[in-house]
Amino acid sequence: MATQYGIRGTTAKGIAASVERAVAEGALAPEALLPPVRRLADDLGVSPGTVATAYKELRRRGIVLTRGRGGTVVAPAPAVASRRPPKVPEGLRDLSGGHPDPALLPALVPPSHLSPGTRAHRTTPRLPRLEEVVRDWIGADGVPVDHVTFAHGALDLIGRLLSVELRPGDAVAMEDPGYHHLLDLFTALGLRVVPVAVDDEGVRPEALQAALRAGVRALVCSPRAQNPHGGCFSAARRDALVEVLRDEPDVLVVENDHASAVSGVPLHSLSAGGLTRWVHVRTVSKFLGTDLRWAAAACDATTLARHDGRLLLTSGWVSHLLQGIVCGLLTDDGTRALVARAEETYALRREALRGELGERGIAAHGASGMNLWVPVRDEAAVVNGLRSYGWWVAAGARFRTSAPPGVRISVAALEPTEAVRLASDFASVLGESEATYGG
């Protein structure tokens, strides 16, 4: 077994390094079963305790998981090799990526008034003008903006906060299905994910209550354009969730409002409910540019201090050149008009496909944002079936923890005229799948 997997070493550190190297190089694929502790100990001539210590370190670092009688396996998204979507086959219409339509993004022009000269970036990490713009932008939706900060994207900010607030083994409540890169991040941080069911209004209160009873220390959710399900908080749902959270003042609530300006629906933020620990995060990649790795956040005073304290010790600040570009775009009338047009266009395209699927008896979820989630019985059959018709969609397995199967369809660039053909092809694939699998 040790020879098969290429595991070597005579110490716990050496064995762990050997497994990590095999995972990074692809010799051990995600979900690969590792040898039982005693068997590997016999093969390597070491004590079972040495192998157990190595496996414990690998678990702590998010490289392997232990599944009881199922043994120890390589994590689905090991921290040394982030899970990526499969390569899109040539000649297919790609509806899998969740990206905005390039035709609806503004041109990016670096600000000429910012020179590369020496400035006190660490003492003034945020451009005052952009900070003012952010307060107006986020505050207009009812989010408290007494404390704001910037980061290099939502994942950067969330990862930094959770690494300060939580420790390996702590539990995080996460939407199910939910954003797959967050699932990867939590695994890399050694955190335990507690799935929380969602519907068209977002996180379900009873599911959140169950997660809190399980001891979660943080909740990460999207108030609108939830990826991949498309749910959005109604005012009533927001109030119900706040009522549940009020009894848990130490739980950090993270709102990822990633598609804010193009979500197509109003914001009903948990942050407006008087919570003790919270952060509302916004990025601009969905409507200003996919390569603009910048995020703004409003939060409570304690969260601000902890985030900025760790930021100061790492990258220090977000590039002022990047901040200048974002500030220029957020305050440009032409860009604002383009973003408004993008929001209307995405809503039209989303509803066009949802309507066409509905006419064919196919239920689809997507109350906001750029994606539709379509429940199916067999993800592989649907993905491969649509491929034969020239379409490429995302299998739901990357997004799910315990939720039922489904596929995600990104509609940002799908014209309403194309929706008719896609819906028809989808219906044909479902018919073929049922005939093949005895549905």
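In this numbering scheme, every chain counts its residues from 1 along its sequence in written order. In keeping with the predicted nature of the model, local features appear solely for residues at pLDDT of at least 70, side-chain atom pairs appear and are counted solely at 80 or more, and the whole-chain, interface and lining totals rest on all residues. To obtain the side-chain values, all non-hydrogen atoms of the structure were used and water was disregarded.

## Some words on the sheet that holds strand β9 (residues 252-256)
Okay, so step 1: Read from one edge to the other, the open sheet built from eight strands follows the order β4-β11-β10-β9-β8-β5-β6-β7, with strand pairing classed as mixed. With partners counted over all chains shown, the strands left at the sheet margins are β4 (148-151) and β7 (202-203), one partner each.
Okay, so step 2: Summarising the sheet, strand β5 (residues 171-176) and strand β6 (residues 192-199) pair through six bridges and their orientation is parallel. Bridge pairing in β6 links D176 to A197.
Okay, so step 3: Whether two residues are in contact is decided by their heavy atoms, any of which lying within 4.5 Å being enough. Note on method: axes are straight lines fitted to C-alpha atoms, helices fitted across the in-contact stretch only, with angles between N-to-C directions ranging 0 to 180 degrees. In this text, helices come from DSSP runs of H or I with a minimum length of four residues, and strands from runs of E with a minimum of two, each type numbered from the N-terminal end. The strands touched by helix α10 (residues 301-313) are β4, β9, β10 (278-283) and β11 (295-299); relative to β4, the strand with the most contacts, the crossing angle is about 35°. We treat two strands as partners when DSSP finds at least two bridges between them.

## Digging into the pattern of salt bridges
Oppositely charged side chains may form a pair once their charged atoms are brought near each other.
Okay, so step 1: Here, a salt bridge means any Lys or Arg side-chain nitrogen found within 4 Å of an Asp or Glu carboxyl oxygen. Counting across every chain of the model gives 29 salt bridges.
Okay, so step 2: When the shortest N-O distance is used, the salt bridge between R60 and E57 registers 2.9 Å. With R60 and E57 both in helix α4 (residues 48-60) and three residues apart, the pair spans about one turn of that helix.
Okay, so step 3: When accessible area is computed with a 1.4 Å probe and restricted to protein chains, residues below 20% of their type maximum are described as buried, those above 50% as exposed, and intermediate ones as partly exposed. Of the residues examined, E57 reaches a relative accessible area of 30% and is grouped as partly exposed.
Okay, so step 4: For E201, the salt bridge goes to R237, with nearest N and O atoms at 4.0 Å.

## Looking at the nonpolar core
Okay, so step 1: In this structure, L130, L270 and W294 are the most contacted members of the largest nonpolar core, which totals 58 residues.
Okay, so step 2: The element contributing the most residues to this core is helix α11 (residues 320-330), with six residues.
Okay, so step 3: What L270 contacts, discounting residues up to four positions off in sequence, is C221, F233, R238, L241, V242, L245, V253, E255 and L275.
Okay, so step 4: What is meant by a nonpolar core is a set of buried Ala, Val, Leu, Ile, Met, Phe, Trp, Tyr and Cys residues, joined one to another through side-chain atoms within 4.5 Å. Core analysis: the next-biggest nonpolar cluster, separate from the first, contains 25 residues, L95, A352, I409 and F426 among them.

## Observations concerning unusual backbone geometry
Okay, so step 1: Here the amide bond leading from D176 into P177 is cis, since omega sits at 5°, within 30 degrees of zero.
Okay, so step 2: Cis geometry marks the peptide bond from N227 to P228; its omega dihedral reads 15°.
Okay, so step 3: One can find P228 in the loop between β8 (218-221) and α9 (235-245).
Okay, so step 4: The backbone of E31 shows a phi angle near 80°, a positive value even though the residue is not glycine.
Okay, so step 5: Looking at where E31 falls in the secondary structure, it is placed in the loop between α2 (12-25) and α3 (37-44).

## Comments concerning the packing of aromatic side chains
Okay, so step 1: For this analysis, a ring pair means two rings from Phe, Tyr or Trp (six-membered ring only for Trp) whose centres lie within 6.5 Å, classed as stacked if their planes differ by under 30 degrees, edge-to-face if by over 60, and tilted for the remaining angles. Under the definition given, this model contains three aromatic pairs.
Okay, so step 2: Placement of a positive charge over a ring is assigned whenever Lys NZ or Arg CZ falls within 6 Å of the ring centre and within 35 degrees of the normal to the ring plane. For the cation-ring pair, R282 lies above W137, with the distance from its terminal atom to the ring centre recorded as 5.1 Å.

## Description of the UniProt feature "domain: HTH gntR-type" (unreviewed entry) in the protein chain
Okay, so step 1: UniProt positions are given in the numbering used here, feature names are shortened, and annotations may be inferred rather than shown by experiment. Per the UniProt entry, the sites bearing "domain: HTH gntR-type" (unreviewed entry) are residues 9-77 in this numbering.
Okay, so step 2: Taken as a whole, residues 9-77 contains 51% helix and 9% strand, while its terminal C-alpha atoms sit 24 Å from one another.

## As for helix α5 (residues 128-139)
Okay, so step 1: Helix span is expected to be 1.5 Å times the residue number reduced by one. Relative to the 16 Å expected for twelve residues at 1.5 Å per residue, α5 spans 16 Å between its end C-alpha atoms, a close match to the ideal helical length.
Okay, so step 2: Considering only its buried residues, α5 is in contact with β4, β10, β11 and α11.

## Overview of the packing of α5 against α11
Okay, so step 1: Running from N to C, α5 and α11 cross one another at 45°; their axes reach a closest spacing of 10 Å. Compared by their axis directions, α5 and α11 come out oblique. The two elements α5 and α11 meet at a crossing, and its hand is left-handed. Taken together, the residues of α11 that come into contact with α5 (itself represented by R129, L130, V133 and W137) are Q323, V326, C327 and L330.
Okay, so step 2: Residues belonging to the contact of α5 with α11 are distributed by class as follows: six nonpolar, one polar and one charged. Orientation labels follow simple angle bins: below 35 degrees gives roughly parallel, above 145 gives roughly antiparallel, 65 to 115 gives roughly perpendicular, and whatever is left gives oblique. By convention, the crossing between two helices is left-handed when the near helix turns anticlockwise from the far helix through less than a right angle, and right-handed when the turn is clockwise. When residues are sorted by character, Ala, Val, Leu, Ile, Met, Phe, Trp, Tyr, Cys and Pro go into the nonpolar class, Asp, Glu, Lys and Arg into the charged class, and all the rest, Gly among them, into the polar class.

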